[in-house]
Amino acid sequence: AVVSTQSTGDTTRFYSCDASGSTSQAAAIMEYLEMGGKCLMIDEDTAATNFMIRDDKIQMLLSADKEPIKPFLYRARELYDRVGVSSIVVVGGAGDYLDIADTVLLLDNYTVKDVTLQAKEIATAKPAHIPTLPPMMPPSQRTVDPASLYPFLGKTKVPEKNSITYSVKGEEIISTLDLSALEQIVEMGQTRFICEVLSKLANEKQPSTLLAIMRQLSLEIDKHGLGCVKDNSNWLSRPRVFEIASAINRYRHLSLIQ
């Protein structure tokens, strides 16, 4: 994995409402891999530094057994070689990625240049210290308990493209499903569609894995269009299954069957 242990215990069943940037990024990657994603695109500017790299001085100061986070640098090559998942990483300060890159492109005054040979010469002259880790375990397939989605059978609202509001029985306040971190949702029609999917799933009787749910949903959309979730679908638009799954993962009342 990319996060081995936390102060709260086993990270294979880890849950937090206040995860750090590095833990959030690690979880997002594992969620993406669980849905069968094949290409990760990461910008150094918006990534968690301690998740992306660990330089030589920090490695000397902080032993590996005391740091639960395994930098993405240590796993990116393995993800491609063993799992077939490519990574496109935009860097301006994390030079250690030159050691594992197949291709290095430089943006010079808005012109793209292939500097792979030069980058490899630099990496050979001053190699990064990248330890060998035990093989990474693939993400487990989690089974969604449809009963936990019952609030979406009641009154829901999509006030904007970044949120869905719903009411939970026994709670006076209105809860919000926050989708602001899902940048690929670009307009409200996609959010409305996600809301209808959640309502549809809440009516299901048999639990299914999240991956199986997304695959079946894709087949239904391809065959029947957006009307597969609601008859009047004129105000809906199609998001990717990755955003639908991410919305489910961000629903704080979700129950999973291990």
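Before reading further, recall that the structure is shown in the block above.
These numbers come from a predicted model, not from an experiment.

Trainee: What is the right way to read the overall build of the chain from this model?
Mentor: Scanning the chain for helices and strands turns up 8 helices and 12 strands. Taking the principal axes of the C-alpha coordinates as reference, the chain spans close to 60 × 45 × 30 Å. Counting across all 258 residues of the chain, residues that qualify as buried make up 40%. Across the chain, contacts joining residues at least 24 apart in sequence account for 64% of those joining residues at least 6 apart. Carbon and sulfur atoms make up 54% of the accessible area of the chain, which totals about 15,500 Å².

Trainee: Would you explain unusual backbone geometry in this entry?
Mentor: Negative phi values dominate among residues other than glycine, just as trans dominates among peptide bonds. The phi torsion at asparagine 109 lies on the positive side, around 55°, for a residue other than glycine. The exposed category is assigned to asparagine 109, whose relative accessible area is 65%. Phi at tyrosine 110 takes a positive value of approximately 70°, unusual for a residue other than glycine. Within the secondary structure, tyrosine 110 sits in the loop between strand S5 (105–108) and strand S6 (111–114).

Trainee: Whenever I open this one, the sheet that holds strand S9 (residues 163–167) confuses me. Can you help?
Mentor: Whenever strands of a sheet pair, they do so through backbone hydrogen bonds, lying parallel or antiparallel. Across the sheet, which stays open at both edges, the 3 strands sit in the order S8-S9-S10 with antiparallel pairing between neighbours. Because the sheet does not close on itself, it has two edges, and the strands there are strand S8 (156–160) and strand S10 (174–178). Taken over all neighbouring pairs, the strand axes of this sheet differ in orientation by 30° on average, direction set aside. Both S8 and S9 contribute to a ladder of 3 bridges, which runs antiparallel. Bridging from a neighbouring strand, lysine 157 pairs with threonine 165 of S9.

Trainee: Any chance you could explain the pairing of S5 here in plain terms?
Mentor: Within a regular beta strand, the side chains point alternately toward one face of the sheet and then the other, so they alternate between its two faces. Here S5 runs beside S6; their pairing, made up of 4 bridges, is antiparallel. Residue pairing in the sheet places leucine 107 in a bridge with valine 112 of S6. A loop of 2 residues connects S5 with S6, the two strands running antiparallel in sequence, and asparagine 109 in this loop sits at a positive phi of about 55°.

Conventions and cut-offs
- Residues numbered from 1 in each chain as written.
- Predicted model: local features only at pLDDT ≥ 70, side-chain atom pairs only at ≥ 80, totals over all residues.
- Heavy atoms only, no water.
- Helix = DSSP H or I, 4+ residues; strand = E, 2+ residues; numbered from the N terminus.
- Buried < 20%, exposed > 50% of the residue type's maximum accessible area, 1.4 Å probe, protein only.
- Contact = heavy atoms within 4.5 Å.
- Areas by Shrake-Rupley, 256 points an atom, 1.4 Å probe, with all protein chains shown as cover.
- Pairing = 2+ DSSP bridges.
- Axes fitted to C-alpha atoms, helices over the stretch in contact; angles between N-to-C directions.

Geometric values such as these leave the question of function open.
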